[in-house]
Amino acid sequence: MSALVDKLKALQAEAEAKLSGLSTTAETEAWFRDFLGRKGALTNALQGIGQMPTEERPLVGKVANEVKVALTAALEARQATIADAEMEAALSAEGIDVTLPGRPQNVGKIHPSNAALRDINAIFTQMGFQVYDAPEVETDEMNFELLNMPDGHPARDMWDTFYTTTPGVLLRTHTSPGQIHAMREYCPEPIRVVLPGKCFRYEDVTARSEMMFHQVEGLVVGPNITFSDLKGTVVAFANQMFGEGRKLRFRKSYFPFTEPSVEVDVDCVLCGGKGCRVCKYTGWLEIMGAGMVNPMVLANGGYDPAVFSGYAFGMGVERSAMLKLGVDDIRYFFSNDVRFLERVGA
Ligand code: PHE
């Protein structure tokens, strides 16, 4: 056996040993250059074949070919294994990690006006009031006339509104026309309802007044309803809505549809009673108008004022929400600023 054959076998063994230790495609390419390339070890080993005795040459040639075929096959197998491993690694490095937390959904919040409406409704329904729905588009008759404000009545100036192109049809300036709807539906039964909803006023928009806002009207009608019932209900409401111990003030006032009439103030939380632009530097914030239902209005609703009496109130929902949330400008409520809605929404 020629020494060259032994050298070829040794070369094959060395190449196979090295190959099995390789782990990257780049390493296998270098290995190919080292052993099987044009200037590789196998070519080098065969350079002496010309000086060999002629009869030995076929054997050496055959062995050299076998070594080449075997090493080429081994290289392909190794490269396939490495390619699989590299693919695996790339997939697990770049693939989707199903254990990562998902992208947060943008969950909306309840608008502060609606949150306050719900709070107010909850407090009154707990006291036995029903929630009654009344229209936002009203007639002049409902919004003014039947509430004791005939055409030309000076009090109409307090409630300038938006008129539609249909004569006599307008956007309601307060929830009070709902009193007439409720009375006409329930008469002659006693009534205990709240009427929440939107109101509209044609007036300058300032820190404390918007041209659209929400009110909740309250109406109680029955035999022997007195001013004490009104006061007790309002105090109970304020303690639940604004917290026990808040100061309340009943000021005499005037509304054509109530007699006597009051306005109810709560001490201003925004400035702690010291005075700020929201409370007009008085330390008090008006939250509602109220009074005993005017006998004319009871009669317009179908009730006999000699038998029935009642009280009514109308409160500003945003005013109440401002007090509760410490917001100092009503214009935030409808300016659609997401930062505000996220901060104070429920
Ligand atoms: N409707 C009155 C307003 O908008 C409030 C009110 C309601 C007053 C019921 C008395 C009774 O100012």
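Residues numbered from 1 in each chain as written. Predicted model: local features only at pLDDT ≥ 70, side-chain atom pairs only at ≥ 80, totals over all residues. Heavy atoms only, no water.

Some words on the site of the ligand
By nearness alone, 15 residues border the ligand, and H174, S176, R201, Q215 and G314 come closest of all. The contact in question runs from an oxygen atom of the ligand to an N or O atom on the side chain of W159, over 3.4 Å. S176 is positioned such that a nitrogen or oxygen atom in its side chain is 2.9 Å from a nitrogen atom of the ligand. For the ligand, the accessible surface in isolation is 330 Å², of which the surrounding protein chains cover 93%. (Near = heavy atom within 4 Å. Polar contact = N/O pair within 3.5 Å; in protein donor to acceptor, adjacent residues only side chain to side chain. Areas by Shrake-Rupley, 256 points an atom, 1.4 Å probe, with all protein chains shown as cover.)

Things to note about the pairing of strand β9 (residues 309–316)
Burial analysis of β9 places eight of its eight residues in the buried class, which makes it a mostly covered element. By the alternation rule, side chains of β9 split into S309, Y311, F313 and M315 and G310, A312, G314 and G316, which are all buried. As defined by bridge partners, strand β5 (residues 212–222) adjoins β9 across eight bridges and the pair is classed as antiparallel. The residue of β9 that forms the bridge with G218 is F313. When strand β8 (residues 284–293) meets β9, the two strands line up antiparallel, connected through five bridges. Counterpart to A290 in the pairing with β9 is F313. (Buried < 20%, exposed > 50% of the residue type's maximum accessible area, 1.4 Å probe, protein only. Helix = DSSP H or I, 4+ residues; strand = E, 2+ residues; numbered from the N terminus. Pairing = 2+ DSSP bridges.)

A look at helix α4 (residues 57–94)
A rise of 1.5 Å per residue sets the reference length of α4, with its 38 residues, at 56 Å; its end C-alpha atoms lie 54 Å apart and thus fit the reference within 8%. Those residues of α4 that sit buried are V60, V63, A64, V67, L71, L75 and I82. Buried residues along α4 sit in contact with α1 (3–20), α2 (25–35) and α3 (41–45). (Expected span 1.5 Å × (residues − 1). Contact = heavy atoms within 4.5 Å.)

Considering the side chain of R156
With respect to the helices and strands, the residue R156 is situated in the loop between α6 (140–143) and β3 (169–171). Judged by its relative accessible area of 13%, R156 falls in the buried class. Reaching out from R156, the side chain makes a polar contact with the backbone oxygen of M149 at a distance of 3.1 Å. Only 3.4 Å separates the side chain of R156 from the backbone oxygen of P150, close enough to count as a polar contact. Discounting chain neighbours no more than four positions away, the residues touching R156 are D140, F144, E145, M149, P150 and D151.

Observations regarding the layout of surface pockets
By volume, the largest pocket amounts to about 670 Å³. Surrounding the largest pocket, 35 residues form its lining, W159, R201, Q215, E286 and R319 being those nearest its centre. Only β5, β6 (248–255), β7 (258–267), β8, β9 and α10 (317–325) provide two or more residues apiece to the lining of the largest pocket. The leading source of residues in the lining of the largest pocket is β8, at six residues. Among the residues making up the lining of the largest pocket, the classes are represented as 14 nonpolar, 12 polar and nine charged. Contributing to the lining of the second largest pocket are M127, F129, P190, I191, R192, V220, V221, G222, I225, D229, T233 and Y311. Mapped onto the lining of the second largest pocket, the elements with two or more residues apiece are β4 (191–200), β5 and α8 (227–242). Tallying contributions element by element places β5 first for the lining of the second largest pocket, with three residues. Here the residues of the lining of the second largest pocket are counted per class, giving eight nonpolar, two polar and two charged. (1 Å grid on protein atoms, 1.4 Å probe; cavity = no way out; pocket = protein on both sides within 12 Å on 5 of 7 lines; lining within 4 Å. Points joined across faces, edges and corners; volume = space filled by probe spheres on them. Nonpolar A, V, L, I, M, F, W, Y, C, P; charged D, E, K, R; others polar.)

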